[in-house]
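The lines below spell out each chain.
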Amino acid sequence: EPEVTQTPSHQVTQMGQEVILRCVPISNHLYFYWYRQILGQKVEFLVSFYNNEISEKSEIFDDQFSVERPDGSNFTLKIRSTKLEDSAMYFCASRSGGSETQYFGPGTRLLVL
Amino acid sequence: GIQVEQSPPDLILQEGANSTLRCNFSDSVNNLQWFHQNPWGQLINLFYIPSGTKQNGRLSATTVATERYSLLYISSSQTTDSGVYFCAVLVGFKTIFGAGTRLFVKA
């Protein structure tokens, strides 16, 4: 069964460094999403992406965040200058055009020191 | 904005028991999904259920959209059912998760 994949599974970075989190959505899907989950808390929406542009973003998704679909398969989340409070699990999700069901990747656990 | 509330926040069951988890939402939504987050952190789709009732094995879900709630039923619970159960609603292109119900099933 097709699945969403994410790399890396874990990343440790120093405060102020840039990180890029990578996702490979399911191949025929058209809508892409990033979420984050701070340890022990609920999942929070960051951004949705369709047709090579942002559809909607949350108040969390400020200027330090950006998303890109650099080719036909990858979907990336860049955090320009990481802060301690960016430490979280980041999930990518995708869905097809014919269904509202979102499929989640396994997540990238980001730790900012 | 729309509010999504889940109850109970925590639940401890003996293996074999049944349970009902509730999700209330404050406004009309385009869809609703239930997820299980296992102890390893993976988010697993359970149901996409904007309205009506669906069943999958020991799990079933009912959404009454006009009354703005959804229920997830777990029957004959097993230790592998432990984890956090989230409901999530889609409003436009934005998905809003509830705070979850943390379930622990004792052997």
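Here the structure is a predicted model, which means the values were calculated and not measured.

Residue and element names in this part refer to chain B. Relative to the assigned elements, Thr62 resides in strand β7 (residues 59-64). Within polar-contact distance, the side chain of Thr62 engages the side chain of Thr53 at 2.9 Å. Not counting the four nearest positions on each side in its chain, Thr62 is found in contact with Ile49, Gly52, Thr53, Tyr69, Ser70, Leu71 and Tyr73.

Below, the discussion takes up the state of the cysteines. A covalent bond between the sulfur atoms of two cysteines is referred to as a disulfide. Residue and element names in this part refer to chain A. Counting across every chain of the model gives two disulfides over all chains. Disulfide pairing is shown between Cys23 and Cys92; the S-S distance is 1.9 Å. Judged by the sign of its S-S torsion, about -60 degrees, the cystine formed by Cys23 and Cys92 is left-handed. In this pair, Cys23 sits in strand β3 (residues 19-24) while Cys92 sits in strand β9 (residues 88-95), placing the two residues 69 residues apart along the sequence. Take Cys23 and Cys92: they sit in the same class, and that class is buried.

As a further point, take the layout of surface pockets. One simple way to see leftover space: roll a probe sized like a water molecule over the atoms. The space that makes up the largest pocket amounts to roughly 350 Å³. Around the largest pocket, the lining is made up of 23 residues, and of these Gln37 and Gly40 of chain A together with Gln37, Val84 and Arg102 of chain B lie nearest the centre. Those elements that provide at least two residues to the lining of the largest pocket are β9 of chain A together with β9 (83-91) and β11 (101-106) of chain B. Broken down by element, the lining of the largest pocket gets its largest block of residues, three residues, from β9 of chain B. The residue inventory of the lining of the largest pocket, partitioned by class, reads 10 nonpolar, nine polar and four charged.

This brings us to the pairing of strand β4 (residues 31-37) of chain B. All names here are of chain B. Among the seven residues of β4, seven are classified as buried, and the element is accordingly described as predominantly covered. Burial of β4 is two-sided: the residues Asn31, Gln33, Phe35 and Gln37 facing one way and the residues Leu32, Trp34 and His36 facing the other way are all buried. As paired strands, β4 and β9 are joined by seven bridges and run antiparallel to one another. The residue bridging His36 from the neighbouring strand is Tyr85, located in β9. Between β4 and strand β5 (residues 43-48), which pair antiparallel in sequence order, lie five residues; one of them, Gly41, sits at a positive phi of approximately 95 degrees.

Turning our attention to a nonpolar patch on the surface. Residue and element names in this part refer to chain A. Taken together, the side chains of Val12, Leu111 and Leu113 define a hydrophobic patch exposed on the protein surface, amounting to about 270 Å² of accessible area. Looking at the secondary structure, you find Leu113 in the segment after β11 (108-112). By relative accessible area, which is 48% here, Leu113 ends up partly exposed.

What counts and how
- Residues numbered from 1 in each chain as written.
- Chains lettered and ligands numbered in written order.
- Predicted model: local features only at pLDDT ≥ 70, side-chain atom pairs only at ≥ 80, totals over all residues.
- Heavy atoms only, no water.
- Helix = DSSP H or I, 4+ residues; strand = E, 2+ residues; numbered from the N terminus.
- Polar contact = N/O pair within 3.5 Å; in protein donor to acceptor, adjacent residues only side chain to side chain.
- Contact = heavy atoms within 4.5 Å.
- Disulfide = S-S within 2.5 Å.
- Buried < 20%, exposed > 50% of the residue type's maximum accessible area, 1.4 Å probe, protein only.
- 1 Å grid on protein atoms, 1.4 Å probe; cavity = no way out; pocket = protein on both sides within 12 Å on 5 of 7 lines; lining within 4 Å.
- Points joined across faces, edges and corners; volume = space filled by probe spheres on them.
- Nonpolar A, V, L, I, M, F, W, Y, C, P; charged D, E, K, R; others polar.
- Pairing = 2+ DSSP bridges.
- Patch = residues over 30% accessible without salt bridge, like charges linked within 9 Å, V, L, I, M, F, W, Y side chains within 5 Å.
- Areas by Shrake-Rupley, 256 points an atom, 1.4 Å probe, with all protein chains shown as cover.
- Salt bridge = Lys/Arg side-chain N within 4 Å of Asp/Glu carboxyl O.

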